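# Examination of the molecular architecture
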Amino acid sequence: VDEIGVKVNRTAGFHVHVNAEGMQFAEVRQVAQAFLKYEAVFDMMMPPSRRGDSNQYCLSNVSAVAGDCHLDGEALHARLESTATLYELVNMVSPTRYFKLNLQNLTGGDKRTIEFRQHSATSSAVKVEAWIRLLLRFVTAARQRPSAKAFKDSTPIDERFERLFQWVIKDTELH
């Protein structure tokens, strides 16, 4: 897209919508559980302005689920596992559309999509392609191989990063 003169600025974001037509509630929950498990890893790949709760347009899903409490990974996973309906899950994970993982389109709107809002705007076709491939593989892996365990708080971020690519994504071209 650089070649055709696309211009971006630091305040813009790059959002990807993944088709969720036909996705069962349990599969959506598995995607949400996997995203919460790996949110800190996705943060590592982003500029500081797109990490944690630093941007009002892509807030932390971990913070949304934890609320005012500090919950470890197991408690976050269990909280999502306890949801009984899609509406309950959506309201817990992304109470508004302004979260890194936005599930709002699953309960309203014209298209059933899972939206990833975290990436900063880019005019690099290489970055666009890599991010889309990563997200598609992530969603596929989460649907096919549910995230069985949460990380312990003591698990180093570099180990989490390796696990994302080795066990969830399984795409050596992205690694």
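The following paragraphs examine the structure supplied in this document. (Residues numbered from 1 in each chain as written. Predicted model: local features only at pLDDT ≥ 70, side-chain atom pairs only at ≥ 80, totals over all residues. Heavy atoms only, no water.)

So, about the overall build of the protein chain. Regarding its fold elements, the protein chain presents six helices and three strands. The N-to-C order of helical and strand elements in the protein chain reads β-α-α-α-α-β-β-α-α. Taken over 175 residues, the protein chain has a buried fraction of 44%. Carbon and sulfur atoms make up 52% of the accessible area of the protein chain, which totals about 9,400 Å². (Helix = DSSP H or I, 4+ residues; strand = E, 2+ residues; numbered from the N terminus. Buried < 20%, exposed > 50% of the residue type's maximum accessible area, 1.4 Å probe, protein only. Areas by Shrake-Rupley, 256 points an atom, 1.4 Å probe, with all protein chains shown as cover.)

What follows is about the sheet that holds strand β3 (residues 113-116). As summarised here, the arrangement of the three strands in space is β1-β3-β2, forming an open sheet in which the pairing is antiparallel. The sheet terminates laterally at β1 (16-19) and β2 (101-102), the two strands that pair on one side only. As paired strands, β1 and β3 are joined by four bridges and run antiparallel to one another. If you follow Val 18 over to β3, its bridge partner there is Ile 114. On the sheet, helix α5 (residues 125-144) packs against β1 and β3 and is oriented at approximately 35° with respect to β1. (Pairing = 2+ DSSP bridges. Contact = heavy atoms within 4.5 Å. Axes fitted to C-alpha atoms, helices over the stretch in contact; angles between N-to-C directions.)

The subject of this paragraph is the packing of helix α1 (residues 25-44) against helix α3 (residues 73-81). At a closest axis distance of 10 Å, the pairing of α1 and α3 adopts a crossing angle of 165°. Relative to α3, α1 is oriented roughly antiparallel. As for how α1 packs across α3, the hand of that crossing is right-handed. Contacts from Arg 29, Ala 32, Gln 33 and Leu 36 of α1 reach α3 at Leu 76, His 77, Leu 80 and Glu 81. When the residues that make up the contact of α1 with α3 are grouped by side-chain class, the tally is four nonpolar, two polar and two charged. (Parallel < 35°, antiparallel > 145°, perpendicular 65-115°, else oblique. Left-handed = near helix turned anticlockwise from the far one by under 90°. Nonpolar A, V, L, I, M, F, W, Y, C, P; charged D, E, K, R; others polar.)

As a further point, take α5. In this model α5 runs 28 Å from its N-terminal to its C-terminal C-alpha over 20 residues, within 8% of the 28 Å that 1.5 Å per residue would give. Taken residue by residue, α5 has Trp 131, Leu 134, Leu 135, Phe 138, Val 139, Ala 141 and Ala 142 as its buried positions. The buried residues of α5 occupy an angular sector of 165° when the element is viewed end-on, so they sit on one face. Facing away from the buried side of α5 by more than 90 degrees, the exposed set consists of Val 126, Glu 129 and Gln 144. (Expected span 1.5 Å × (residues − 1). Arc of directions from axis to C-beta.)

At their nearest, the axes of α1 and helix α4 (residues 86-93) sit 10 Å apart, and the two run at 15° to each other. As summarised for this structure, α1 and α4 are arranged roughly parallel, according to the angle between their axes. Crossing angle aside, the handedness with which α1 passes α4 is left-handed. Counting all contacts with α1, which are made through Phe 25, Val 28, Arg 29 and Ala 32, the residues of α4 involved are Leu 86, Leu 89 and Val 93.

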